[in-house]
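Each chain, written out:
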Amino acid sequence: MRRIYVKEDVCIGCRLCEIYCIVQHSKSKNIIKAFRNEPRPLPGVLVEEKGPISFALQCRHCDDAPCVESCITGAMQRLEDGRIICDIERCVGCWTCIMVCPYGAIRRDQNRKVASKCDLCIGEDIPVCVKNCPNEALTYE
Amino acid sequence: MQKITGGKDISGCAVSGILNTNGKKIDGRYIIRSIANMHDRSNGLGGGFAAYGIYPSYKEYYAFHLMFDDSYARERCEEFLDKNFLIEREGDIPTRKTVIQNPPILRRYFVEPREEKLDKSSEDDFVIREVMKINSDIEGSYVLSSGKNMAAFKAVGFPEDVGNFYRLEEYKAETWIAHGRFPTNTPGWWGGAHPFALLDYSIVHNGEISSYGINKRYLEMFGYRCTLLTDTEVMAYLFDLLVRRHKLPMKIACKAFAPPFWDEIDRMPEKEKKVMKTIRTVYGSCLVNGPFSIILGFKNGMLALNDRIKLRPLIAATKKDFLMVSSEEAGIREICKEPDKIWSPKAGEPVIGLIGKGVVEEG
Amino acid sequence: MLSLCKGEFSVERDDDRCIRCLVCVRQCPSDVHKYDEEEDRIYSDESECVGCQRCATLCPTDAITIRYKPMEMKENANWKTYHLTNIYKQAETGGILLTGMGNDKPYPIYWDHILLNASQVTNPSIDPLREPMELRTYLGRKPDLLDIEDGDELILKTEISPQLKLELPVLFSAMSYGSISLNAVKSLERAATIAGTYYNTGEGGLHKDLHKYGKNTIVQCASGRFGVSPDYLNAGAAVEIKIGQGAKPGIGGHLPGEKVLEEISETRMIVEGTDALSPAPHHDIYSIEDLRQLIFALKETIAYEKPVGVKIAAVHNSAAISSGMARAGADFIALDGVRGGTGAAPLVTRDNVGIPIELALASIDQRLREEGIRNNASLIIAGGIRSSSDIIKAIALGADAVYIGTAALVALGCHLCQKCYTGKCAWGIATQDPYLTKRLNPEIGTRRLVNLLNAWSNEMKELIGGMGINAIESLRGNRLQLRGVGLTDTEYKILGILPAGE
Ligand code: SF4
Ligand code: SF4
Ligand code: SF4
Ligand code: SF4
């Protein structure tokens, strides 16, 4: 299964990955509309920064995913191609997954009361964070 | 004596050459027929021949063929010759009345350099220097050829008429080369016709050299003065520099003029690769780029060469001890219906015939 | 003191487009953009903007326009804004004005007055897509003649001096580690290796990580001798003695202490945090004989296995100097013209000293030919080469190869803001700040440089093929392929070319 890898030595902390992730998961997929006129989803990728060091973190889509194991409703599930997604129709916002994720890659969507995470951009050949990173600090292999 | 307008000479052409590798001599009718059969490749603005072995009784002397615009030029030039050379014999170059118009004064002199003038330079170097002086400094005089036991015959006109004018059927030579010219930008001038001859080298050429600018500047570094602005002149000087002065084997000089591509060199066996790489590196400015086929006549031999991607035609053939080269097969079949062998030499590979040794390189 | 200089740029933000993503805030190295949470709005302090265009390039909604907006004074043909602002600055600081990059004054650019030839009818042009087209170039001293013995096999009796093999007649100019970032150096090194050419260490020594990749490195030995050791000299493919630089002929280099961080201090062999000042002249070279001694000292050190060249700035008598250098044993001469770039130079020097490279090149090539010593040394020219056609014109004028510096940096993202000397290059090139150097990913940098060289190679092949030439050596010094437009008789004479139409 292809995963996203980060090269922290060239991550420049611009956060464009987050921005494009938001746009991709918005209603209109239009960057200006998504940010100004629509409810804004959380980005599945989060940039961590300390001093000059920064890197983007998203769900690792683990082979033995504790979030899937522990999900009480079956909302957190593995698709056939290996990626792990959260079915928000079934998510009840119990946050068990957040507690078991060793990477802290799942976030609370307070508006909708559901778990929010990277889904590797369903329908895209290359996740948009990877595609839009200006310094190729993210790769999809 | 610059009769050229608008810079460098540009022309298309026909070339032809015959050599007997046993040194047997034939008269000028064959070469005339060969070049005449390619009539359409010339336009009547220049034709010429060079013949080797024609002056056996004066073979120790430089045979100067000269042309003068008028008797004043002749006087001045003869004064100059007298000062620098001992003249063994002189006379008019025999001609006959033909369609050829307005011939200049045509004279030949058999000379040797005056000992006291040599001043440490070799006789050949001295002759070259003096020839260049005549051409550039004595208004109205021009040296058509200056080798030993050879001469160049050239004029404005179709080559067959030029041959007839100079009565070439009366000369017997072991090597004949010929040229018919199709210039696109120069008015006819006798000196501008081919062959271009310098010492024992005579050269005829079909093509246009796009590397002319650098070939010329390279030669200037070694003291040559390219006053005619013709490709042929440059080719002759290049041969003179590499073969006579630098003493490179003739086929190596040809590698400098038309080298293999780097790709090929990279694939050669180590030793050969080193030699070729060094030649290209050192003699890069001698690379003759652009389309050409040339025939070079020299003492005891003849050489024909194409550019490195063969952008001009060249055919070679043998019959018994004769080697023939020509722009077109027609130029050969006209004088030899059934050659023993006829072939198209490869791009950049010389055909070399030597008297006494036969055809040593087949191209 | 109140500064009388205002900023040079206006920052225009289209508020209909701005999504408050703060990319601009994070990217500006001069802290121009500031987010005001209360008003949910971004304010810009325009006076600090240097016009590097980083924010405008990275803004995801194209909301920013950076416009050049110099102070508009009353029109005055003599007193330009340039002079007024310089005087204001100097009245405020009392210092020499510094700048980066090459001379930007409107001195004639001769490349733009030279046109190329092409074949028509009498001579076929050659199509590079169908026929081989050769750009390979060897740099180094060449003998005038070869001694080759003919026999059953050819025996080469002349051993020729070491040569540098280039797959295209372009090298990357000297740019030191220190003046540019390690990522920039790595990009140049890798691109040179892939493209089959060379990069030049400049006077900053060779970073320890790069020692093992010396195959495509020209190591420089400048007056400061920073980082020079036998190891260093032997690590490269050639050695270049730097006498001068086009952007600042007559003066030495200056790397401010702030840029001398740990790794740079180690590479340059100087104390961390101290200014790296190279003296104006080499204090062991006060004459051409001295230069000869240094050339041969270096050749001894590298056992005569690699070429040793000398770089000078193009100045009034460079033809005579070049003749001296060619006789003093230089295997190549690098000549940097008045438009050559720099990481830091006094403005007054950069803008007023030196001569255009085109004229210097033409006169040097001619001079060396007249003296019959053109084969002694190859000629590399530098200083303002902007395109493949500039290269072709340079080679036809007589250069063996060209150095590109600024063009390479532009390929890496440089926007010519000329603020290299501040160490705050927004593009991660002319900086050592770890926040900024990361911005240049050497993998991307390498790819961009290789692409540029490939593109230029292809264009050069088109141009020479059009002239009916299929090997670059037939263009070298072939001034008949050039024609000038709009030049004076004297300029035609110096350039050795004819006017168009003749
Ligand atoms: S877009 Fe790329 S460089 Fe920017 S923060 Fe994300 S991973 Fe880092
Ligand atoms: S980068 Fe563009 S969209 Fe983002 S805050 Fe700045 S101006 Fe606005
Ligand atoms: S200095 Fe550069 S990044 Fe900062 S505002 Fe100006 S153009 Fe934008
Ligand atoms: S290298 Fe950087 S600082 Fe220098 S001109 Fe280019 S963008 Fe500006």
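Residues numbered from 1 in each chain as written. Chains lettered and ligands numbered in written order. Predicted model: local features only at pLDDT ≥ 70, side-chain atom pairs only at ≥ 80, totals over all residues. Heavy atoms only, no water.

Taking an unreviewed UniProt entry as the reference, chain C is identified by name as Archaeal glutamate synthase [NADPH] belonging to Candidatus Methanolliviera hydrocarbonicum. A UniProt comment under Catalytic activity (unreviewed entry) is attached to chain C, and it reads "2 L-glutamate + NADP(+) = L-glutamine + 2-oxoglutarate + NADPH + H(+)". Under the UniProt heading Cofactor (unreviewed entry), the note attached to chain C is "FMN". (UniProt positions renumbered as here; feature names shortened; annotations may be inferred.)

Once that is clear, we can look at the overall build of chain B. Within chain B one finds 11 helices and 19 strands. For 363 residues, the compact-globule estimate of 2.2 N^0.38 gives 21 Å, and chain B sits close to it at 19 Å. The burial tally for chain B puts 63% of its 363 residues in the buried class. Sequence-distant contacts, at least 24 apart, represent 74% of the contacts inside chain B between residues at least 6 apart. Of the accessible surface of chain B, which amounts to about 13,000 Å², a share of 47% is contributed by carbon and sulfur atoms. (Helix = DSSP H or I, 4+ residues; strand = E, 2+ residues; numbered from the N terminus. Rg over C-alpha atoms; globule rule 2.2 N^0.38 Å. Buried < 20%, exposed > 50% of the residue type's maximum accessible area, 1.4 Å probe, protein only. Contact = heavy atoms within 4.5 Å. Areas by Shrake-Rupley, 256 points an atom, 1.4 Å probe, with all protein chains shown as cover.)

Turning our eyes to something else, we now look at unusual backbone geometry. Residue and element names in this part refer to chain B. With an omega dihedral of 0°, the bond running from H194 to P195 counts as a cis peptide bond. On the secondary structure map, P195 appears in the loop between strand 10 (175-183) and strand 11 (196-198). Located in the positive-phi region is K310, a residue other than glycine, with phi close to 50°. By the secondary structure assignment, K310 is in the loop between strand 14 (301-306) and strand 15 (315-319).

Attention now goes to the domain arrangement of chain C. All names here are of chain C. Taken domain by domain, chain C holds domain 1 (9-95) and domain 2 (137-499). Each partner contributes to the interface: domain 1 provides 11 residues, whereas domain 2 provides 10 residues. With both sides pooled, the region where domain 1 packs onto domain 2 buries about 950 Å², and carbon together with sulfur makes up 59% of that total. Between domain 1 and domain 2 we count zero salt bridges in total. Between domain 1 and domain 2 we count three residue pairs in polar contact (both at pLDDT 80 or more) in total. Taken together, the elements giving at least two residues each to the side of domain 1 that touches domain 2 come down to helix 1 (23-27), helix 2 (54-58) and helix 3 (81-93). Split into classes, the residues belonging to the side of domain 1 that touches domain 2 amount to four nonpolar, five polar and two charged. (Domains from an automatic or database assignment. Buried area = accessible area lost by both parts, 1.4 Å probe. Salt bridge = Lys/Arg side-chain N within 4 Å of Asp/Glu carboxyl O. Polar contact = N/O pair within 3.5 Å; in protein donor to acceptor, adjacent residues only side chain to side chain. Nonpolar A, V, L, I, M, F, W, Y, C, P; charged D, E, K, R; others polar.)

Between chain A and chain C, the contact holds 23 residues from the first and 23 residues from the second. Here chain A packs against chain C, burying approximately 1,800 Å² in sum over the two surfaces, 56% of which is carbon and sulfur. On the chain A side of the interface with chain C, the three residues burying the most area are I12, R36 and P52 of chain A, jointly 27% of the side's total. In this assembly, chain A and chain C are joined by two salt bridges. The shortest N-O distance in the salt bridge between E136 of chain A and R447 of chain C comes to 2.5 Å. Inspection of the chain A/chain C interface yields 13 residue pairs in polar contact (both at pLDDT 80 or more). Only helix 1 (16-24), helix 2 (31-36) and strand 3 (53-57) of chain A provide two or more residues apiece to the side of chain A that touches chain C. Broken down by element, the residue count for the side of chain A that touches chain C peaks at four residues, all from helix 2 of chain A. Residue classes in the side of chain A that touches chain C are distributed as 13 nonpolar, four polar and six charged.

On to the site of ligand 1, then. Around ligand 1, the neighbouring residues are C11, I12, G13, C14, R15, L16, C17, V47, A56, C133, P134 and L138 of chain A. Residues belonging to the shell around ligand 1 are distributed by class as follows: 10 nonpolar, one polar and one charged. (Near = heavy atom within 4 Å.)

Glancing now at the layout of surface pockets. All names here are of chain C. As a volume, the largest pocket reaches approximately 1,600 Å³. As for the largest pocket, its lining consists of 50 residues, of which E8, T85, N86, K89 and K419 are closest to the centre. Elements that contribute at least two residues to the lining of the largest pocket include exactly helix 3, strand 5 (98-99) and helix 9 (347-352). Ranked by the residues each element gives to the lining of the largest pocket, the list is headed by helix 3, at seven residues. Per-class residue counts for the lining of the largest pocket are 22 nonpolar, 14 polar and 14 charged. When residues of the lining of the largest pocket are assigned to domains, at least three fall in each of domain 1 (9-95) and domain 2 (137-499). (1 Å grid on protein atoms, 1.4 Å probe; cavity = no way out; pocket = protein on both sides within 12 Å on 5 of 7 lines; lining within 4 Å. Points joined across faces, edges and corners; volume = space filled by probe spheres on them.)

Taken together, the contact pairs 41 residues of chain B with 42 residues of chain C. Roughly 3,700 Å² of surface becomes buried between chain B and chain C when both sides are summed, with 58% attributable to carbon and sulfur atoms. Three residues, R217, M221 and W262 of chain B, lead the burial of chain B against chain C; their summed loss comes to 19% of the area buried on that side. Where chain B packs against chain C, one counts seven salt bridges. A salt bridge links R280 of chain B to E134 of chain C, with the shortest nitrogen-to-oxygen separation between them at 2.8 Å. Applying the counting rule to chain B against chain C returns 18 residue pairs in polar contact (both at pLDDT 80 or more). At the level of elements, helix 6 (212-221), helix 8 (250-257), helix 9 (262-267) and helix 10 (270-282) of chain B are the ones that each hand at least two residues to the side of chain B that touches chain C.

So, on to the site of ligand 2. Around ligand 2, the structure places 13 residues, and the nearest of them are C18, C21, C24, I42 and C59 of chain C. Among the residues forming the shell around ligand 2, the class breakdown is 10 nonpolar, one polar and two charged.

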